[in-house]
Amino acid sequence: MLVVAIVGMAGAGKSEVSCILENKGYTRIRFGDVTDEELKKANLSLNEENERRMRESLRQSYGMEAYAMLNLPKIDSAIKAGSVVVDGIYSWEEYIFLSKYYGHNFRVAAVWSSPNTRYARLVQRHVRPLTKEEAYSRDSAEILKLNKGGPIAMADYTIINEGSLEDLEKESLKAISAFEKQL
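This one's a predicted model, so the numbers in the text were calculated from it and none came from an experiment. (Residues numbered from 1 in each chain as written. Predicted model: local features only at pLDDT ≥ 70, side-chain atom pairs only at ≥ 80, totals over all residues. Heavy atoms only, no water.)

J.: Just to check I follow, could you spell out the overall build of the protein for this structure?
T.: Helix and strand counts for the protein stand at nine helices and five strands. When the helices and strands of the protein are listed from N to C terminus, the series reads β-α-β-α-α-α-β-α-β-α-α-α-β-α. A globule of 183 residues ought to have a C-alpha radius of gyration of about 16 Å, and the protein, at 16 Å, matches this closely. By its C-alpha atoms, the protein is 40 × 35 × 25 Å across when sized along the principal axes. Sorting the 183 residues of the protein into buried and exposed places 46% on the buried side. (Helix = DSSP H or I, 4+ residues; strand = E, 2+ residues; numbered from the N terminus. Rg over C-alpha atoms; globule rule 2.2 N^0.38 Å. Buried < 20%, exposed > 50% of the residue type's maximum accessible area, 1.4 Å probe, protein only.)

And the structure:
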């Protein structure tokens, strides 16, 4: 069984790749659901400012590997039934935590798109849209405060997402095929 983590900047296509894997039988676990759940508990609206504050607050409380720790029971439960795709590892510490915990069964696929492509997507996104300025601010905060660059740099496979959804699916399936052959 595999635990495949999908990494990348906002708007790169992480959720699209995760859905492609889910359609191939992987159980999908979105790390950001923890943020959404905590915002609902605190009776706060889902918006970029609240989401950022909550992400940073959780990491202050639990450390930079917070999302890996908080989602570990879900991953462990899901892996009993088959392979898992983790939508959105953000920090180097989460990468290290999951890499040590799952060892040889852990793989990382980075989804890359240029900032211009990502920002254009984020403005048009129906769920959690961002302005170009908000997207740039989020990029800066995630790189500087959340150590997001490390997992992207250390990915086992990089998927370039500058084209169509069909192209993205082809590249995603190549990544999964490569990972499955390595087991």
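Alright, that's what it looks like, and here's the rest.
J.: Looking at this structure, how should I read the pattern of salt bridges?
T.: Pairing between side chains of opposite charge can happen when the charged atoms of each approach one another. Scanning the entire structure with this criterion turns up 13 salt bridges. We note a salt bridge from Glu 37 to Lys 74, for which the minimum N-O separation is 3.6 Å. On the criterion of sequence distance, the pair formed by Glu 37 in helix H2 (residues 33-41) and Lys 74 in helix H4 (residues 66-79) is long-range, its members being 37 residues apart. Residue class for Glu 37 comes out partly exposed when judged on its relative accessible area of 37%. Accessibility expressed as a relative area gives 34% for Lys 74, which makes it partly exposed. For Arg 59, the salt bridge is made with Glu 94, and the minimal N-O distance between the two is 2.9 Å. One end of the pair, Arg 59, is in helix H3 (residues 48-62); the other, Glu 94, is in helix H5 (residues 92-102), and 35 residues separate them in sequence. Overall, the relative accessible area of 0% leaves Glu 94 in the buried class. Among the charged side chains, a network of salt bridges with common partners joins Arg 30, Asp 33 and Asp 36. (Salt bridge = Lys/Arg side-chain N within 4 Å of Asp/Glu carboxyl O.)

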